[in-house]
Amino acid sequence: MEKNIEIRYQQFKDRNELSKIEQKLFEEAKKARKNAYAPYSEFYVGCAVLLENEEIFSGNNQENAAFPSGLCAERTTLFWVGANFPDKKIKKIFIVGGPKESAENNPPIPPCGACRQSIIEYETKQNENIELYFANLNDDVIKVSSIKDLLPFYFDATFL
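The rules behind the values
Chains are numbered independently. Their residues run from 1 in the order of the written sequence. Given that this is a predicted model, residues contribute local features only at a pLDDT of at least 70 and side-chain atom pairs are listed and counted only at 80 or more, while totals for whole chains, interfaces and linings are drawn from all residues. For the side-chain quantities, the full set of heavy atoms in the structure was used; hydrogens and water were omitted. Put simply, DSSP marks the helices as runs of H or I at least four residues long and the strands as runs of E at least two long, and each gets a number from the N terminus on. The buried label applies to any residue whose accessible area, calculated with a 1.4 Å probe on protein chains only, is under 20% of its type's maximum; exposed applies above 50%, and partly exposed to all values in between. Working rule for contacts: check all heavy atoms of both residues, and any pair within 4.5 Å makes them a contact. Areas reported as accessible are Shrake-Rupley estimates using a 1.4 Å probe. Residue values count occlusion only from the protein chains shown. At least two DSSP bridges between two strands are needed for those strands to be called paired. Every axis in this analysis is a line fitted to C-alpha atoms, fitted for helices over the stretch in contact. Angles between the N-to-C directions lie between 0 and 180 degrees. Residues enter a nonpolar core if they are buried and are Ala, Val, Leu, Ile, Met, Phe, Trp, Tyr or Cys, with the set joined through side-chain atoms within 4.5 Å.

**Structural notes on the overall build of the protein chain**
And step 1. Per the secondary structure count, the protein chain includes 3 helices and 6 strands.
And step 2. For the protein chain, the N- to C-terminal ordering of α and β elements is β-α-β-β-α-β-α-β-β.
And step 3. Structurally, the protein chain occupies a C-alpha span of about 45 × 40 × 35 Å along its principal axes.
And step 4. A buried classification covers 45% of the 160 residues belonging to the protein chain.
And step 5. Within the protein chain, contacts between residues separated by at least 24 positions form 66% of all contacts whose residues are at least 6 apart in sequence.
And step 6. Roughly 8900 Å² of accessible area belongs to the protein chain as shown, and the carbon and sulfur atoms make up 50% of that amount.

**Description of the sheet that holds strand S1 (residues 10-12)**
And step 1. The strand order across the open sheet formed by 6 strands is S1-S6-S5-S4-S2-S3, and the pairing between neighbours is mixed. Looking at which strands have only one partner, the edges of the open sheet turn out to be S1 and strand S3 (56-60). Neighbouring strand axes in the sheet, compared pairwise and without regard to direction, differ in orientation by 15° on average.
And step 2. Relative to S3, strand S2 (residues 43-51) is paired through 5 bridges, and the arrangement is antiparallel.

**Side note on the nonpolar core**
And step 1. Within the largest apolar cluster, 21 residues are counted, with the highest numbers of intra-cluster contacts made by Val49, Leu78, Ile90, Ile93, Ile95, Ile119 and Leu132.
And step 2. Of all the secondary-structure elements, those providing two or more residues to this core are S2, helix H2 (73-84), strand S4 (90-99), helix H3 (113-126), strand S5 (131-135) and strand S6 (141-144).
And step 3. The biggest single contributor to this core is S2, with 4 residues.
And step 4. Once residues within four sequence positions are removed from consideration, Ile119 is found in contact with Leu78, Ile93, Pro111, Ile130, Leu132 and Ile147.
And step 5. Of all hydrophobic cores here, the second largest spans 13 residues; its members include Phe12, Phe94, Val96 and Val141.

Take a look at the structure:
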């Protein structure tokens, strides 16, 4: 039996289409992106997370000469939030990324596979979807209501 997978998303071409809190998350992710440590790839990514109590925390990618030792912006931010606020739900995640010098010309950059898996873990833990936004620097934004829209065949604790 063949089944089709439908990806549900919204696309915004202007940041003014976003809510005030989403615009704030966009700005915080852009600001975090500037502080990324990416001397090898020169691919800068910033991430901002909104908790249920309306607090916003941000992070960025951190590279290392021993490539497996680096960490993406999403996981840097999520793991810090999880370690410091383990009982707070994550409502929204905003990601801004692209090459250091030309991110405006790139499409919105979605999270990598490892980050998608990490986001699934947090959705499962809190038993609630996390809105996910990914963007370039040119105000192009894509929104999904859950990481499951980007990772429909996900692995979680039900398989263990």
